[in-house]
Amino acid sequence: IKLAAIIPAAGTGSRMQSEQPKQFIKIQSKPLLSYTLAAIQRAPQVQRVFVAVNPQASALYPSWPAQVETVAGGASRAESVLAGLQAAAAQGFSHALVHDAARPCLPLEVLLDVIEQGTTQAQGAIVALPVRDTLKRSAMGSPVIQSTVPRAYLWQAQTPQVFAIEPLIDAINAMGSTHPELTDEASAMEHAGYQPRLVMGSYKNIKVTFPEDIELVSYYLKEEIT
Ligand code: CTP
Ligand code: MG
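Note that the coordinates shown come from a computational prediction; the quantities given were computed from them, not determined experimentally.

Draft legend 1. Representation of the UniProt feature "site: Transition state stabilizer" (unreviewed entry) in the protein within the structure. Mapped onto the present numbering, the UniProt feature "site: Transition state stabilizer" (unreviewed entry) falls on Arg15 and Lys22. Note on Arg15: 13 C-beta atoms within 10 Å, which makes it partly exposed. Discounting chain neighbours no more than four positions away, the residues touching Lys22 are Gly13, Met16, Leu32, Ala102 and Val208.

Draft legend 2. Examining the environment of Ala186 more closely. Along the chain, the position of Ala186 falls in helix H5 (residues 185-191). Taking C-alpha positions, Ala186 is 27 Å from Ile214, a pair spaced 28 residues apart along the chain. With residues up to four places along the chain from it excluded, the contact list for Ala186 reads Ile126, Ala157, Gln161 and Pro196.

Draft legend 3. Highlighting the environment of Glu69. Tracing the chain through its elements places Glu69 in strand S5 (residues 68-72). Take Glu69: there are 14 C-beta atoms within 10 Å of it, and that puts it in the partly exposed class. Distance from Glu69 to Gln41, taken between C-alpha atoms, is 13 Å for residues 28 residues apart in sequence.

Draft legend 4. Seen up close, the UniProt feature "site: Positions MEP for the nucleophilic attack" (unreviewed entry) in the protein. In the UniProt entry, the feature "site: Positions MEP for the nucleophilic attack" (unreviewed entry) is given for Arg151 and Lys207. Examined against the element boundaries, Arg151 turns out to sit in the loop between strand S9 (145-149) and strand S10 (155-164). Not counting chain neighbours up to four residues away, the residues in contact with Arg151 comprise Val131, Thr134 and Leu135. Turning to its location among the elements, Lys207 is positioned in the loop between strand S11 (197-200) and helix H6 (211-225).

Draft legend 5. Quick look at the pairing of strand S8 (residues 135-138). Bridge count between S8 and S9: four bridges; the pairing is antiparallel. Considered in S9, the bridge of Leu135 is made with Val149. Where S8 hands over to S9, the hairpin turn is made up of six residues, of which Gly141 adopts a positive phi near 75°.

Draft legend 6. View of the site of ligand 1. Taken together, 22 residues lie near ligand 1, and Pro8, Gly11, Ser14, Arg15 and Ser80 sit nearest. A breakdown of the residues in the shell around ligand 1 according to their chemical character gives eight nonpolar, 10 polar and four charged.

Draft legend 7. Here's a closer look at the confidence of the model for the protein. Residues of the protein with pLDDT of at least 70 account for 99%, and the chain-wide mean is 96. Across the protein, strand S6 (residues 95-98) holds the top mean pLDDT of 99, while H6 sits lowest at 91. For this predicted complex, the interface score ipTM comes out at 0.99, alongside a pTM of 0.97.

Draft legend 8. Local environment of the nonpolar core. Core analysis: the largest hydrophobic core is formed by 57 residues, its most contacted members being Ile6, Ala52, Ala96 and Leu168. Leave out the neighbours within four places in its chain, and Ala52 touches Ile7, Pro8, Ala9, Ala10, Val71, Gly73, Ser80, Val81, Ala83 and Gly84.

Draft legend 9. Up close: helix H3 (residues 108-120). The first and last C-alpha atoms of H3 sit 18 Å apart over 13 residues, in line with the 18 Å expected at 1.5 Å per residue. Among all positions in H3, only Leu111, Val114, Ile115 and Gly118 are buried. Each buried residue of H3 lies within a common arc of 105° when the element is viewed along its axis, so the set occupies one face. Turned more than 90 degrees away from the buried face of H3, the exposed residues are Glu109 and Thr120. Buried positions along H3 lie against strand S1 (3-8), helix H1 (32-40), S6, strand S7 (125-130), S10 and S11.

Draft legend 10. Summary view of unusual backbone geometry. Here the bond from Thr159 into Pro160 is cis, since omega is 5°, no more than 30 degrees from zero. Even without a glycine there, the phi angle at Gln28 is positive, about 50°. Position of Gln28 relative to the elements: it lies in the loop between strand S2 (26-27) and strand S3 (30-31). Of note in the backbone geometry, Tyr153 takes a positive phi value of approximately 70° without being a glycine. Structurally, Tyr153 is set in the loop between S9 and S10. We classify Tyr153 as exposed; it has 7 C-beta atoms within 10 Å.

Draft legend 11. The arrangement of the packing of helix H2 (residues 77-90) against helix H4 (residues 165-175) in detail. Where H2 meets H4, the closest approach of the two axes is 10 Å, and the angle between their N-to-C directions is 145°. You can see that H2 and H4 cross each other, and the crossing is left-handed. Only Ile165, Leu168, Ile169 and Ile172 of H4 make contact with H2, whose side of the interface consists of Ala78, Leu82, Leu85, Gln86, Ala88 and Ala89. Across the contact of H2 with H4, the residue classes tally to nine nonpolar, one polar and no charged.

Procedures and definitions
Residues numbered from 1 in each chain as written. Chains lettered and ligands numbered in written order. Predicted model: local features only at pLDDT ≥ 70, side-chain atom pairs only at ≥ 80, totals over all residues. UniProt positions renumbered as here; feature names shortened; annotations may be inferred. Buried ≥ 20, exposed ≤ 12 C-beta atoms within 10 Å, placed from the backbone. Contact = placed C-beta atoms within 7 Å. Helix = DSSP H or I, 4+ residues; strand = E, 2+ residues; numbered from the N terminus. Pairing = 2+ DSSP bridges. Near = placed C-beta within 6 Å. Nonpolar A, V, L, I, M, F, W, Y, C, P; charged D, E, K, R; others polar. pLDDT = per-residue confidence, 0-100. Core = buried A, V, L, I, M, F, W, Y, C linked by C-beta atoms within 7 Å. Expected span 1.5 Å × (residues − 1). Arc of directions from axis to C-beta. Axes fitted to C-alpha atoms, helices over the stretch in contact; angles between N-to-C directions. Left-handed = near helix turned anticlockwise from the far one by under 90°.

And the structure:
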């Protein structure tokens, strides 16, 4: 097993409405992305990190850590991931750990757990959390409740997601990297008939999406440092 990490970091962060894409926002004077890279590089199994970035945006991150290289991101998250997977495959990596640049608070034990499970199970593994709120279904464009969706056995997918690279590339290509339901790696694998394993995640592993999320991750990251 030769494991590479793929970090999609080529988004524009439209929901954040910040001046620069959210992965470059400074938290305690360091870009958010640097915390994500540090979190991933705590796993000794990760031999190399491929970060998918927009060529224009890479100037926002002046010095990359050792064992990190950049690839050009794409128009969708799946296309950015695919670019990283192809670079890793070309360098002989057998497995990939895909992790959103926008999740800087990944706990070490969760990371080690998904690596263990994703590299030993042929179907791969993803970090996820059991849904904890009550779920309501509405009709499109309507704020009226149609029904309550039983939440038993429902999970929220997070990253990291760990798979063998070759079947993952094939699965993304087969589904089509612009398919609207291809929102994580597991969905492509499922589409191809695989049954990836669910690994218990953490409520701290939030994806920075809206401005208020910055406060929360700043708090968690400070907790980690002190
Ligand atoms: N991403 C990417 N390439 C894209 C789109 C997204 O690499 N074309 C990355 C983002 O940088 C982020 C991760 O995928 O780290 C998860 O996506 P999301 O949270 O949706 O980030 P954005 O697409 O940047 O934000 P928004 O959807 O609000 O525009
Ligand atoms: Mg997005």
